[in-house]
Amino acid sequence: FIMRTDEEFTIICPDFMAPNNVQQETGWKCIKVDGTQNLKEVGVLESITHPLAEANIPLLAISTFNTDYVFVMEENLVTAVQALQKVGHQFIHGE
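Right, let's walk through the structure included here. (Residues numbered from 1 in each chain as written. Predicted model: local features only at pLDDT ≥ 70, side-chain atom pairs only at ≥ 80, totals over all residues. Heavy atoms only, no water.)

## Observations concerning the sheet that holds strand β4 (residues 60–63)
As a reminder of what qualifies: Pairing between two strands requires that DSSP report at least two bridges joining them. Secondary structure elements are taken from DSSP: a helix is a run of H or I of four residues or more, a strand is a run of E of two residues or more, and numbering for both begins at the N terminus. The convention used is that axes are lines fitted to C-alpha atoms, helices contributing only their stretch in contact, and that angles between N-to-C directions extend from 0 to 180 degrees.
Taking strand neighbours across the sheet as the criterion, the three strands line up as β3-β5-β4 in an open arrangement whose pairing is antiparallel. Each of the sheet's edge strands pairs with one partner strand only, and the pair in question is β3 (28–32) and β4. Along the sheet, successive strands turn relative to each other by an average axial angle of 25°, direction set aside. In this structure, β3 lies alongside strand β5 (residues 68–73), joined through five bridges in antiparallel fashion.

## As for the layout of surface pockets
Just so we agree on the cut-off: Residues are called lining when one of their atoms sits within 4 Å of a cavity or pocket point, these points coming from a 1 Å grid over the protein atoms alone, where a cavity is a set in which a 1.4 Å probe fits but cannot get out and a pocket is an open set with protein on both sides within 12 Å along at least five of seven lines. Grid points are joined across faces, edges and corners, and a volume is the space filled by probe spheres set on the points.
The volume enclosed by the largest pocket comes to roughly 1,600 Å³. Contributions of two or more residues to the lining of the largest pocket are made by β2 (9–11), β3, α1 (46–54), β5 and α2 (77–86).

## Examining the nonpolar core
Here is the rule: The nonpolar core is taken to be a set of buried Ala, Val, Leu, Ile, Met, Phe, Trp, Tyr and Cys residues, with the residues joined through side-chain atoms within 4.5 Å. Per-residue accessibility, obtained with a 1.4 Å probe over protein chains only, is compared with the maximum for each type, and a residue is labelled buried under 20%, exposed over 50%, and partly exposed between these values. Should any heavy atoms of two residues lie within 4.5 Å, those residues are considered in contact.
Among the nonpolar cores identified, the biggest contains eleven residues, and these are Ile31, Val33, Val44, Ile48, Leu52, Ile57, Val70, Val72, Ala80, Ala83 and Leu84. When residues of this core are traced back to their parent elements, those giving at least two are α1, β5 and α2. The biggest single contributor to this core is α2, with three residues. Contacts of Ile57, omitting those with residues within four sequence positions, involve Leu52, Val72, Asn76, Thr79 and Ala80.

## A word on the pairing of β4
As paired elements, β4 and β5 share four bridges and run antiparallel to each other. Residue pairing across strands places Ser63 opposite Asp68, the latter belonging to β5. Where β4 folds back on β5, the antiparallel hairpin that results is connected by four residues.

Structure, rendered in structure tokens:
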């Protein structure tokens, strides 16, 4: 993912692809919402972020035209998956 604002330029990529000479924060893991989302749907992202907030798990959420991505730190991944499964989310494990 590449994002640019007036104040910053952000690239989110696998740790091994990150340049060494820039500010970076490594160790994030991605949870992708499966399937294409309609931009008029309400509550899809909230159904993920709310349980994670309840579990006290920091996150970074990114939405694209097609779907949503939620990044959590690797040390929180198992707890995040458990919190989401507890409220009915299912997971398809992939690379």
